[in-house]
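# Structural overview
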Amino acid sequence: MLNLEKYPHISRFDDIPIAYASSLTETQFSEAKASLDNLKNLLPEWQVNLDKNVDLLGISFNAAIVNSANKNGDVIDTATAIRMFDTFRQKHLNKEHKRDKIIGHIINAQFSSYGESNLLYPMDIQETQDPFNISLGAVVYKIVDPDYAKQIEESSNEESPKYNSLSASWEIGMANYRIAMGSPNLKECQIIDNPKHVADLKQYLKAYGGDGTYNNALVYRLIGEECLAIGCAITSRPAANVRGILTKKKEPETARA
């Protein structure tokens, strides 16, 4: 049995819209939204050939925003993001946070610019305190749950009534955490790392039942340096921002006799 006692604190980053990329042509990509189109290289052909492996559906998405607090009251900083982002590779992809409903796995992890989603390398962002994304590329096993794979495709099709009906939510396990107080923007926060003060403020954090404020000041859980990506879920919560790919997948050709 998996022992996660070393990482007793779990953080979920919810409501990140997904985009799929399954055997897309250059013409189809030109129809996509410019921002998420920049994430297509998260699934290079040398890692997964989607034309050949027609049982796989490729998806890519911005999994979290670094240096900016999420709605669950958690935030991750640049140094920690650089340290842990590659632990997402080969982790599982599940349905609705049900770990017994595995529908795929994560292939790749990288950084991208906030807003434009231009792919970045650690050297590009190691000194910044401004927001940027952790971006993931993954594959869904269409043969495991064909109907759900179709739902994912529909969710990324702007012309579908189910557009943006699904989103991504990844989980991180952490050994410890600090407190960021004052603003959703991490660079504007006071960082509290004294263990006693952190313990005293724990009750006010959203992760532990609080409302995310202390004496009218916003308080957030700053993910600790020792942390590990556990996996990622596709959920039915509507995405807060519109970022879907508006193309249809290329159908495999029928073999001729």
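In what follows, the structure referred to is the one given above.
Residues numbered from 1 in each chain as written. Predicted model: local features only at pLDDT ≥ 70, side-chain atom pairs only at ≥ 80, totals over all residues. Heavy atoms only, no water.

What follows deals with the overall build of the protein. From N to C terminus, the protein includes six helices and 14 strands. Relative to its full complement of 257 residues, the protein shows a buried share of 51%. Of the contacts formed within the protein by residues at least 6 apart in sequence, a portion of 76% connects residues at least 24 apart. Of the roughly 12,900 Å² that the protein leaves accessible, carbon and sulfur atoms contribute 48%. (Helix = DSSP H or I, 4+ residues; strand = E, 2+ residues; numbered from the N terminus. Buried < 20%, exposed > 50% of the residue type's maximum accessible area, 1.4 Å probe, protein only. Contact = heavy atoms within 4.5 Å. Areas by Shrake-Rupley, 256 points an atom, 1.4 Å probe, with all protein chains shown as cover.)

Time to look at the pattern of salt bridges. Using the criterion set out here, one finds seven salt bridges in the structure. Of the charged contacts in the structure, one is a salt bridge between Arg 221 and Asp 74, with a shortest N-O distance of 2.7 Å. Residue Arg 221 is found in strand β13 (residues 217-223), and its partner Asp 74 is found in strand β4 (residues 74-75); the two are separated by 147 residues along the sequence. In this structure, Lys 196 engages Asp 200 in a salt bridge whose closest nitrogen and oxygen atoms are separated by 3.1 Å. Taken together, the residues Lys 196 and Asp 200, both in helix α6 (residues 195-201) and four residues apart, mark about one turn of the helix. (Salt bridge = Lys/Arg side-chain N within 4 Å of Asp/Glu carboxyl O.)

We now examine helix α5 (residues 146-155). Restricting attention to buried positions, one finds in α5 the residues Tyr 148, Ala 149, Ile 152, Glu 153 and Ser 155. The buried residues of α5 occupy an angular sector of 165° when projected down its axis, which confines them to one face. (Arc of directions from axis to C-beta.)

Moving on: the packing of aromatic side chains. Taken as a whole and judged by the stated rule, the model has five aromatic pairs. Within the aromatic cluster, the residues linked to one another by ring pairs are Phe 85, Phe 111 and Phe 132. If you follow Lys 202 out to its NZ or CZ, it ends over the ring of Tyr 208, 4.7 Å from the centre. (Phe/Tyr/Trp six-rings, centres within 6.5 Å; stacked < 30°, edge-to-face > 60°. Lys NZ or Arg CZ within 6 Å of the ring centre and 35° of its normal.)

With that settled, the discussion passes to the pairing of strand β10 (residues 177-181). In the case of a regular strand, side chains alternate between the two sheet surfaces. Within β10, four of the five residues are buried, leaving the element largely enclosed by the surrounding structure. Direction of pairing for β10 relative to β13: antiparallel, over a ladder of five bridges. Residue Ala 180 lies in a different strand from β13, and its bridge partner there is Tyr 220. In terms of strand pairing, β10 meets strand β11 (residues 190-192) through three bridges, oriented antiparallel. (Pairing = 2+ DSSP bridges.)

With that settled, the discussion passes to the nonpolar core. Generally speaking, soluble globular proteins have nonpolar side chains that are buried together. Counting 44 residues, the largest nonpolar core has Ile 59, Phe 88 and Ile 134 as its most contacted members. The element best represented in this core is strand β3 (residues 56-66), accounting for six residues. Apart from the residues lying within four places of it in its own chain, the contact partners of Ile 134 are Phe 61, Asn 62, Ala 63, Ala 64, Val 66, Ala 81, Met 84, Phe 88, Gln 110, Phe 111 and Trp 170. Counting residues in each nonpolar core, the second largest holds seven residues, with Ala 69, Val 75, Cys 189 and Tyr 220 among its members. (Core = buried A, V, L, I, M, F, W, Y, C linked by side-chain atoms within 4.5 Å.)

In terms of burial, strand β8 (residues 132-141) is a largely internal element, nine of the 10 residues being buried. Across 10 bridges, β3 lies against β8 in antiparallel orientation. Note that in β8 the partner of Leu 57 across the bridge is Val 140. The pairing of strand β6 (residues 98-113) with β8 spans nine bridges and is antiparallel. From the neighbouring strand, Ile 106 faces β8, where its bridge partner is Ala 138.

This brings us to the environment of Ile 134. Relative to the elements of secondary structure, Ile 134 occurs in strand β8. Through-space distance from the C-alpha of Ile 134 to that of Val 66 is 7.1 Å; in sequence the pair is 68 residues apart.

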